[in-house]
Every structure is written in structure tokens, then in C-alpha cells.
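Structural characterization, general
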Amino acid sequence: MLPWKRVLRPLAALLLTAAVTVVPATVAPAATTAQAESAPSKGAPSRGWNNYSCKPSAAHPRPVVLVHGTFANSVDNWLALAPYLVNRDYCVYSLDYGQLPGVPLFHALGPIDKSAEQLRSFVDKVLTATGAAETDLVGHSQGGLMPRHYLKFLGGAAKVNALVGIAPNNHGTTLGGLANLLPYFPGAGDLLSTATPALADQVPGSAFLTKLNAGGDTVPGVRYTVIATKYDEVVTPYRSQYLDGPNVRNVLIQDLCPADLSEHAAIGLFDRIAFHEVANALDPAHATPTTCLSGIG
Ligand SMILES: *[C@@H]1O[C@H](CO)[C@@H](O)[C@H](O)[C@H]1NC(C)=O
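In what follows, the accompanying structure is described. (Residues numbered from 1 in each chain as written. Predicted model: local features only at pLDDT ≥ 70, side-chain atom pairs only at ≥ 80, totals over all residues. Heavy atoms only, no water.)

1. Side note on the sheet that holds strand S2 (residues 92–95)
By way of backbone hydrogen bonds, the strands of a sheet pair with one another, either parallel or antiparallel. What counts is decided by this rule: At least two bridges found by DSSP between two strands is the condition for calling them paired. The helix and strand labels rest on DSSP assignments: H or I over at least four residues marks a helix, E over at least two residues marks a strand, and numbering proceeds from the N terminus. With axes taken as lines fitted to C-alpha atoms, and helix axes fitted only over the stretch in contact, angles between N-to-C directions fall between 0 and 180 degrees. Only heavy atoms enter the contact rule, under which two residues are in contact if any of them lie within 4.5 Å.
The six strands lie next to each other as S2-S1-S3-S4-S5-S6, forming an open sheet whose pairing is parallel. Across the chains shown, the open sheet's two edge strands, defined by having one partner strand only, are S2 and strand S6 (248–252). Strand after strand, the sheet turns through a mean of 20° between neighbouring axes, direction not considered. Bridge analysis of strand S4 (residues 160–166) against strand S5 (residues 223–228) gives five bridges, and the strand direction is parallel. Within S5, the residue paired with valine 164 across the bridge is threonine 225. This element, helix H5 (residues 112–130), spans strand S1 (64–67), S2 and strand S3 (135–140) of the sheet and lies at about 155° to S2.

This is the structure:
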């Protein structure tokens, strides 16, 4: 039915396998957890992200913090989007969070409320380094969901201007849905069958989701954008990704480009049409229409 999926999956697996095998070698000297947080700047220096000397420009005064998804990490989730935003004159940072003891490279697995505390510390670090008053957050999958806990319960709304969620599971994902991520993460299969706190937190009806969504999806003072694809096979139905609130823009990528066949992973990993829409969300005053041609620019 969707032959592209068969092409994209191995492609994504290849991309991630490359990241998984190359990056550890380059970051091996950074053995401690604290150092591991800055690993991408060592692993991908020429790409220019996680540069704590970066000074935000007048045009883009807010540093962008990228928040990876389940099983992913601060490097492999952002090999395309981080350089895309750096090339557009943003200071860009990405954190690792939700690490489990003894599990390298596959992150976003620990309790999501604890992960939100890691995000709080990371945002503070970025604000201190850049001298900016606020950040913008861009998250993929769980990376679009987890920041909402930070915004709502950990003071994040005062430090964040906008949250852009790419295929975020704002109202949960079944374990069957999460299992559809596994082809992208060779070797992560065991984590699905063992007790993994973040997976339990993401199942609809969990205590985490019930508390997060009680009394409304959003908090005042933050602009929210959701970018979804109708071919999402992980967070279904895709409309469950949408947020309800006064300061929300829910976007279906196929409404902008009907030929966009990205599914859950591809839309965050290398869909330049979605990236164009991310750039619009970060700088709405200079937004230009996103079309199928946006993938080429
Ligand atoms: C980091 O940013 C500074 C200041 O803009 C720049 O001079 C330097 O070349 C950047 N380093 C990397 C590795 O991109």
C-alpha cells in the first residue's frame, strides 16, 4: 500500500545505525554523564550545534532546544534538523534525557516527570550560556509530550516562548504503536518487553498523562504547534496528537503537501517540508507558505 514506507524504513535504520556506530567512537573520551550531555558538540562539531559560544542574532533571539523521542538520543534524532536550523542562523542545542542505567544510546526511557526535570536544568544552562530570556523547544514524538510537563508543573512557561511538537504523542501511544518504532532502533527490542517507565507513562490513561492533560492541554504564555502526518503508525489516531487550547496551531503535513508520505520517524528525522513548517513556527513574523517545494529550499 505504501511502498515508500519500505524505502524509508531501511533508510532511517541506516541513518540511525550510522549514528549509533560512529558517534560513540567520537565521543568515547566523554565518559561521565555531565560530559555526555555535551557529546554532540564533540560528535558533530562541523554541524555547529551545541555550541555554547553561540550568541543569538537579533533576528532569532531565542535559542532552540531540541528534545528527542523514545529510544532516540541528542545526536541521532537531529542529524538533519539541527544543521537545518543552524544554517538559518539559530543557536541550537539538544539534550539527552531519560537515560536508564546500563542502556547506552537508547534514551527517553526513564519516568517522564524526571525527564522534564532534566529539561528544566538544560534550558537553564542554555539561557545562562546565551544570555537569552527565553527558549523555543522543538520535540519529536515523546520529545513533544515531555516538555508539556515542564511547562505546566516545573516553571517552564516562564522560560519558553514556543513548543513545536513533531508527531507528538500528546494523548498517549499504545505499546503496539511504540513497537512500530523498533525497526529504526536495531537492538532496542528488549526494552519494550522489560519494565521501562517512559513506555508505561505513554500508554493512554497512565497516571502521568491523566495528570498532564487534566484541566486543559496548554498553559498561558506559550505558543504551541503540532505537526502531524496522517501516515503516523506509532501515534494513532494521528488526531490524538492535536492540542486543544487558545494558543495552538495543529498542522497536518499532507494539508500543506499531499504528496508527503512521511510516517512517524521520517517526519522528524529528514522531512524538510516539516522542517520548513518548524522554521515558520519559530519565526511566525517571517513565515512563508509551506508547500511540496519547501523540501527543496
Ligand atoms: C561556535 O560559535 C562561535 C561564536 O559564533 C564561533 O566563532 C565558532 O566557530 C563556533 N564553533 C563551532 C565549532 O561551530
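2. Some words on helix H6 (residues 142–153)
Inclusion rule: To estimate how far a helix should reach, multiply one less than its number of residues by 1.5 Å. Think of it in three bands: with a 1.4 Å probe and only protein chains considered, a residue is buried below 20% of the maximum accessible area for its type, exposed above 50%, and partly exposed in between.
The end-to-end C-alpha distance of H6 is 17 Å, a good match for the 16 Å that 12 residues give at a rise of 1.5 Å each. For H6, the buried fraction is high: 10 of the 12 residues fall into the buried class. Of the positions making up H6, those classed as buried are Gln142, Gly143, Gly144, Leu145, Met146, Pro147, Arg148, His149, Tyr150 and Leu151. Note on H6: the residue one or two positions beyond its end, glycine 155, has a positive phi of about 80°.

3. A few points about the packing of aromatic side chains
Stated formally: Here a Phe, Tyr or Trp ring, Trp counted by its six-membered ring, pairs with any other such ring whose centre lies within 6.5 Å, and the pair is stacked when the planes are under 30 degrees apart, edge-to-face when over 60, and tilted otherwise.
Applying the stated rule across the entire model yields five aromatic pairs. Seen from their ring centres, tyrosine 52 and tyrosine 93 are 4.9 Å apart, and the 45° between their planes marks the pair as tilted. A residue pair is termed long-range when its members are at least 10 positions apart, and tyrosine 52 in the loop between helix H3 (39–43) and S1 and tyrosine 93 in strand S2 qualify at 41 residues. Consider the rings of phenylalanine 71 and phenylalanine 185, whose centres lie 5.6 Å apart with planes at 50°: the pair is tilted. Of this pair, phenylalanine 71 sits in the loop between S1 and helix H4 (81–86) while phenylalanine 185 is found in the loop between helix H7 (175–179) and helix H8 (189–193), placing the two residues 114 residues apart along the sequence.

4. Regarding the side chain of threonine 218
Examined against the element boundaries, threonine 218 turns out to sit in the loop between helix H10 (207–213) and S5. Contact partners of threonine 218, with chain neighbours within four places excluded, come to Tyr224, Asp244, Gly245, Pro246 and Val248.

5. Observations regarding the pattern of salt bridges
Under the convention used in this document: Salt bridge, as used here: a side-chain nitrogen of Lys or Arg that lies within 4 Å of a carboxyl oxygen of Asp or Glu.
Per the stated rule, a full pass over the model turns up four salt bridges. Close ionic contact of glutamate 117 with lysine 114 constitutes a salt bridge, the shortest N to O distance being 3.5 Å. Of this pair, glutamate 117 and lysine 114 both sit in helix H5, separated by three residues, roughly a single helical turn.

6. Remarks on unusual backbone geometry
Residue threonine 236 is joined to proline 237 through a cis peptide bond whose omega torsion reads -15°. Summarising the element assignment, proline 237 is placed in the loop between S5 and S6. Phi at asparagine 50 is positive, roughly 60°, even though this residue is not glycine. Exposure remark for asparagine 50: the relative accessible area of 2% places this residue in the buried category.

7. Thoughts on the environment of alanine 200
In this structure, alanine 200 sits in helix H9 (residues 197–202). Along the sequence, alanine 200 and proline 111 sit 89 residues apart, while their C-alpha atoms lie 8.6 Å from each other.

8. Observations concerning the pairing of S3
With six of six residues buried, S3 lies mostly within the body of the structure. Residues Thr135, Leu137 and Gly139 point to one face of S3 and Asp136, Val138 and His140 to the other, with burial holding for every one of them. Note that S1 and S3 share four bridges and pair parallel. Bridging from a neighbouring strand, valine 67 pairs with glycine 139 of S3.

9. Some remarks on the packing of H5 against H6
Rules: Note that the term roughly parallel is reserved for angles under 35 degrees, roughly antiparallel for angles over 145, roughly perpendicular for angles of 65 to 115, and oblique for everything else. Basically, the charged four are Asp, Glu, Lys and Arg, the nonpolar ten are Ala, Val, Leu, Ile, Met, Phe, Trp, Tyr, Cys and Pro, and anything else, Gly included, counts as polar.
With their axes 8 Å apart at the nearest point, H5 and H6 run at an angle of 80° to one another. Taken together, the axes of H5 and H6 lie roughly perpendicular to each other. Residues Ile112, Asp113, Ser115, Ala116, Leu119, Arg120 and Val123 of H5 pack against Gln142, Leu145, Met146, Pro147, His149 and Tyr150 of H6. Of the residues assigned to the contact of H5 with H6, the class counts are eight nonpolar, three polar and two charged.

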